[in-house]
Every structure is written in structure tokens, then in C-alpha cells.
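# Structural overview for review
The primary structure of each chain is shown beneath.
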Amino acid sequence: MNPEPSNSSTVTVARLDSKGKQIGNFEKATLVDEEMRRVQLLPPNSKYASHRLRILQKMQQLLSIQRTMSQDQELELLFAGLQI
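If you're wondering where the values come from, they're calculated on a predicted model, not measured in any experiment.

## Considerations on the pattern of salt bridges
For the coordinates displayed, the defined rule picks out 4 salt bridges. Measuring nitrogen to oxygen at the nearest pair gives 2.7 Å for the salt bridge that ties R38 to E35. Of the two residues, R38 and E35 are both situated in helix 1 (residues 25–40); the distance of 3 residues between them amounts to about one turn of the helix. Residue classification places R38 among the partly exposed residues on the basis of a relative accessible area of 45%. Among the residues examined, E35 registers a relative accessible area of 8% and is labelled buried. Taking the shortest distance from any N to any O, the salt bridge between R52 and E35 comes out at 2.8 Å. With R52 in helix 2 (residues 47–64) and E35 in helix 1, this pair connects stretches of sequence that are 17 residues apart. Like E35, R52 is buried.

## So, helix 1
If you check helix 1, its first and last C-alpha atoms are 22 Å apart, about what 16 residues at 1.5 Å a residue would give, namely 22 Å. Looking at the buried residues of helix 1, the elements they touch are helix 2 and helix 3 (69–82).

## Focus on the environment of K58
Position of K58 among the secondary structure elements: in helix 2. Between the C-alpha atoms of K58 and L78, which are 20 residues apart in sequence, the distance is 9.0 Å. When near neighbours in sequence (up to four residues on either side) are disregarded, K58 contacts E74 and L78.

Rules and cut-offs
- Residues numbered from 1 in each chain as written.
- Predicted model: local features only at pLDDT ≥ 70, side-chain atom pairs only at ≥ 80, totals over all residues.
- Heavy atoms only, no water.
- Salt bridge = Lys/Arg side-chain N within 4 Å of Asp/Glu carboxyl O.
- Helix = DSSP H or I, 4+ residues; strand = E, 2+ residues; numbered from the N terminus.
- Buried < 20%, exposed > 50% of the residue type's maximum accessible area, 1.4 Å probe, protein only.
- Expected span 1.5 Å × (residues − 1).
- Contact = heavy atoms within 4.5 Å.

Shape is all these values report; function is a separate question.
Here it is as C-alpha cells:
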């Protein structure tokens with residue numbers, strides 16, 4: 001039986017470049033923009049494409065504001081989930 005994680009521990013996901021360095025907001029915004037262009041080439045009636053576009057738009061919104069700690073964690077989790 002696995003012990004349950006304590007509430008005091010948090011998981012931080014950092015986006016790394018090919019050299020292992022954490023990337024900044026400009027690079028993240030560029031990645032989101034590139035992915036949006038790729039997704040917009042998919043069929044407009046695609047549920048996959050429309051869902052992915054909604055997620056990418058949420059990421060753009062989070063990148064454009066001064067984020068709280070929880071918003072920053074949400075953004076990092078979205079990046080990890082989309083694997084871009």
C-alpha cells in the first residue's frame with residue numbers, strides 16, 4: 001500500500017529547453033503561437049482541434065498577465081499536459 005502524499009508537498013513543473021535551462025515567458029509565448037498555427041491547420045470541425053485551441057488560448061491569457069503562484073503552476077501543468 002502506498003502512503004498518501006502530504007498536503008505540504010507541492011509538485012513544480014518547469015519547462016526546459018534542449019540544454020536543460022528553464023525557458024522564459026517569451027519562449028513560452030512563441031511555443032504557444034507556433035502550436036496555435038499548427039492546430040489552426042486542422043479541420044475546423046475537429047473536437048481535438050477545438051479543445052486544443054481552447055487550452056492554447058488559456059495559456060496565452062496566462063502568459064499575458066502577471067500571474068499568481070497558482071496561475072503559474074496551472075500554466076506549467078498546461079505546458080506539461082500538451083507536451084509542446
